[in-house]
Amino acid sequence: MAFDGDRANARLTIDVAAVVENWSRLRDRCTHADCAAVVKADAYGLGAAVIAPALAKAGCRRFFVAQLDEGIRLRAILAGTDVSIMVLGGVLPGTETLYGQHRLVPVLNHLGELALWRRYASDVGDAQPAWVHLDTGMNRLGLGPDEQTRLIDDPAAHLTGIALAGWLSHLACADEADHPSNPLQLERFRRLVSALPSAPASFANSSGIFRGTDYHFDLARPGVALYGANPTPERHNPMLPAVRIDARVLQVRSVDSPMTVGYGAGHAIVRRGRLATLSVGYADGYLRSLSGKGAAYFNGLAAPVVGRVSMDLITVDVTDVPEPLVQTGAWAELIGPHRTVDQVAAEAGTIGYEVLTSFGPRYLRVYV
Ligand SMILES: *Cc1c(COP(=O)(O)O)cnc(C)c1O
């Protein structure tokens, strides 16, 4: 039998139209560049099987994933759609033919990988497409300064047999509007692109798009902004929220001083009142660092989280919420109009990316 919504302990509602609208807004900002969509980690936890086809239908023609297996899955999801799929993590030795089979384009991150790809092209007898990642300050993936010099000195030696799709680089501090790394990386990328054989260039992630048109080049690669997190923490969120989380009330109890709540007796009751136990926990990505932070909402009325977050449960103080709203089986909003992904992330001491990608498989997922 299909999972019946009425049995659900917690619900993750995903607004697909909001994701599509967010992509359209980002695309419209890229007046002279194309706009891809980054759908790695199952579309940041929202579900690539639903999100990617919706974006393709809206006109998105280029998708980025992190891993080969994500690319293979995405190719199947988008079967019959004419889109390119890029794999940011590059090619591990022995996996080359899978890229060909599933028409995936790797992002090559070091000269050894370029050599691997040239050999594969020569085995196949045909130039093979790839992006090349030039590191400009992240020091994570991409050709570093020495490798860049070798490439500039003799491009043909490294690129023959590679159908160069473009040059790519990634910003380290794009979410900090005034960070000096941004113009520095931009300048480095410009210099590299002009010294190397002419090809399209891709630089901006979500926040990078908002650093100005200089950062757009030919192809932008937004991820988190599609899913509603604020790419411009310095000002109002220009994106639409795309996720909502609600959890069920399992039990309501009366409490009074001197009781404590939860593991470690982490919260002391100081007044007579009521507690509700909600059916969500750190196994659902409701991070343990949210213990004693923020609130659940009943019809917009705040019920502060008290005590530690446990694996499957949290406890909230509902003393100030009218009883009829807090019955066993009632729903409480944990992320939604009253508490954004970015707020939850701040309360947890993390970033929206981690909140989104932590949700896990136990929710009833509702796509609207
Ligand atoms: C994840 C990723 C992106 C998307 O970044 P957002 O900040 O989510 O927009 C773009 N480029 C690369 C190389 C990435 O790893």
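Refer to the structure printed above.
Residues numbered from 1 in each chain as written. Predicted model: local features only at pLDDT ≥ 70, side-chain atom pairs only at ≥ 80, totals over all residues. Heavy atoms only, no water.

Caption draft 1: Summary view of the overall build of the protein. Secondary structure assignment for the protein yields 12 helices and 19 strands. A principal-axis box enclosing the C-alpha atoms of the protein has dimensions of 75 × 50 × 40 Å. Across the 368 residues of the protein, 50% fall into the buried class. For the protein, long-range pairs separated by at least 24 residues make up 65% of all intrachain contacts whose partners lie at least 6 apart in sequence. Here the protein carries 34 positive and 37 negative side-chain charges, and the mean point of each set is 4 Å from the other. (Helix = DSSP H or I, 4+ residues; strand = E, 2+ residues; numbered from the N terminus. Buried < 20%, exposed > 50% of the residue type's maximum accessible area, 1.4 Å probe, protein only. Contact = heavy atoms within 4.5 Å. Lys, Arg positive; Asp, Glu negative; His and termini not counted. Charge placed at Lys NZ, Arg CZ, Asp CG, Glu CD.)

Caption draft 2: Region of the structure containing the pattern of salt bridges. Summed over all chains, the structure comprises 14 salt bridges. Between Arg 190 and Asp 214 there is a salt bridge; the shortest N-O distance is 3.4 Å. Here Arg 190 is found in helix α9 (residues 181-195), whereas its partner Asp 214 is found in the loop between α10 (206-209) and β10 (219-220), with 24 residues between them in sequence. The class of Arg 190 is partly exposed, set by a relative accessible area of 35%. Given the relative accessible area of 45%, Asp 214 is considered partly exposed. (Salt bridge = Lys/Arg side-chain N within 4 Å of Asp/Glu carboxyl O.)

Caption draft 3: Broad picture of the nonpolar core. Counting residues in each nonpolar core, the largest one holds 110 residues, and the members touching the most others are Leu 55, Phe 63, Trp 167, Tyr 227, Leu 278, Phe 298 and Val 316. With near-sequence residues (within four places) excluded, Leu 55 lies in contact with Val 19, Val 20, Trp 23, Ala 37, Val 39, Cys 60, Phe 63 and Leu 226. By size, the runner-up hydrophobic cluster in this structure holds 5 residues, among which are Val 261, Ile 269, Leu 275 and Val 306. (Core = buried A, V, L, I, M, F, W, Y, C linked by side-chain atoms within 4.5 Å.)

Caption draft 4: Spatial organisation of the site of the ligand. Taken together, 13 residues lie near the ligand, and Lys 40, Tyr 44, Ser 206, Gly 223 and Tyr 353 sit nearest. The side chain of Ser 206 places a nitrogen or oxygen atom 2.5 Å from an oxygen atom of the ligand. In the environment of the ligand, an oxygen atom lies 2.6 Å from a nitrogen or oxygen atom belonging to the side chain of Tyr 353. Along the lines of polarity and charge, the residues of the shell around the ligand split into 6 nonpolar, 4 polar and 3 charged. (Near = heavy atom within 4 Å. Polar contact = N/O pair within 3.5 Å; in protein donor to acceptor, adjacent residues only side chain to side chain. Nonpolar A, V, L, I, M, F, W, Y, C, P; charged D, E, K, R; others polar.)

Caption draft 5: Spotlight on the packing of aromatic side chains. Tallied over the full model, the rule gives 9 aromatic pairs. Between Tyr 44 and Tyr 353 the ring centres are 6.2 Å apart and the planes differ by 35 degrees, which places this aromatic pair in the tilted class. Placement of Tyr 44 in helix α2 (residues 40-44) and of Tyr 353 in helix α12 (residues 352-357) is noted, with a sequence separation of 309 residues between them. Each ring, one from Phe 189 and one from Phe 203, has its centre 4.9 Å from the other, and the planes form 10 degrees; the classification is stacked. With a gap of 14 residues between them, Phe 189 in helix α9 and Phe 203 in the loop between β9 (201-202) and α10 connect regions that are remote in the sequence. Taking the relative accessible area as the measure of exposure, Phe 189 reaches 0% and is therefore buried. Judged by its relative accessible area of 0%, Phe 203 falls in the buried class. Arg 11 extends its terminal NZ or CZ atom over the ring of Trp 331, reaching a point 4.1 Å from the ring centre. (Phe/Tyr/Trp six-rings, centres within 6.5 Å; stacked < 30°, edge-to-face > 60°. Lys NZ or Arg CZ within 6 Å of the ring centre and 35° of its normal.)

Caption draft 6: Focus on the packing of helix α1 (residues 16-29) against helix α3 (residues 48-57). Taken N-terminus to C-terminus, the directions of α1 and α3 make an angle of 45 degrees; their axes are 10 Å apart at the nearest point. For the element pair α1 / α3, the angle class is oblique. For α1 against α3, the interelement crossing comes out right-handed. When α1 is examined against α3, the residues Val 16, Val 19, Val 20 and Trp 23 are found in contact with a partner set consisting of Val 50, Ile 51, Ala 54 and Leu 55. The residue makeup of the contact of α1 with α3, split by class, is 8 nonpolar, no polar and no charged. (Axes fitted to C-alpha atoms, helices over the stretch in contact; angles between N-to-C directions. Parallel < 35°, antiparallel > 145°, perpendicular 65-115°, else oblique. Left-handed = near helix turned anticlockwise from the far one by under 90°.)

Caption draft 7: Spatial organisation of empty space enclosed by the protein. By the definition in use, this model includes 1 cavity of 30 Å³ or more. Lining the largest cavity are Ile 245, Gly 285, Tyr 286, Leu 290, Leu 334, Ile 335, Val 344, Val 355, Phe 359 and Tyr 363. Among the residues forming the lining of the largest cavity, the class breakdown is 9 nonpolar, 1 polar and no charged. (1 Å grid on protein atoms, 1.4 Å probe; cavity = no way out; pocket = protein on both sides within 12 Å on 5 of 7 lines; lining within 4 Å. Points joined across faces, edges and corners; volume = space filled by probe spheres on them.)

Caption draft 8: Up close: the side chain of Glu 96. In this fold, Glu 96 is placed in helix α5 (residues 96-101). For Glu 96, which is buried and forms no salt bridge, the nearest opposite charge comes from Arg 119, at a distance of 6.0 Å. A polar side-chain atom of Glu 96 sits 2.9 Å from the main-chain amide nitrogen of Gly 94. Discounting chain neighbours no more than four positions away, the residues touching Glu 96 are Val 91, Leu 116, Trp 117 and Tyr 120.

Caption draft 9: Highlighting the pairing of strand β5 (residues 84-87). Pairing of strand β4 (residues 62-65) with β5 involves 4 bridges; the strand directions are parallel. Opposite Val 65, over in β5, you have Val 87 as the bridge partner. In this fold, the crossover linking β4 to β5 by way of helix α4 (residues 68-77) has right-handed handedness. Bridge count for β5 against strand β6 (residues 104-108) is 3 bridges, and the pairing is parallel. Its bridge partner being in β6, Val 87 is matched across the sheet by Pro 106. For the handedness criterion, the β-α-β arrangement of β5, α5 and β6 is classed as right-handed. (Pairing = 2+ DSSP bridges. Right-handed = clockwise from strand over helix to strand, strands pointing away.)

By themselves, these figures tell us nothing about what the structure is for.
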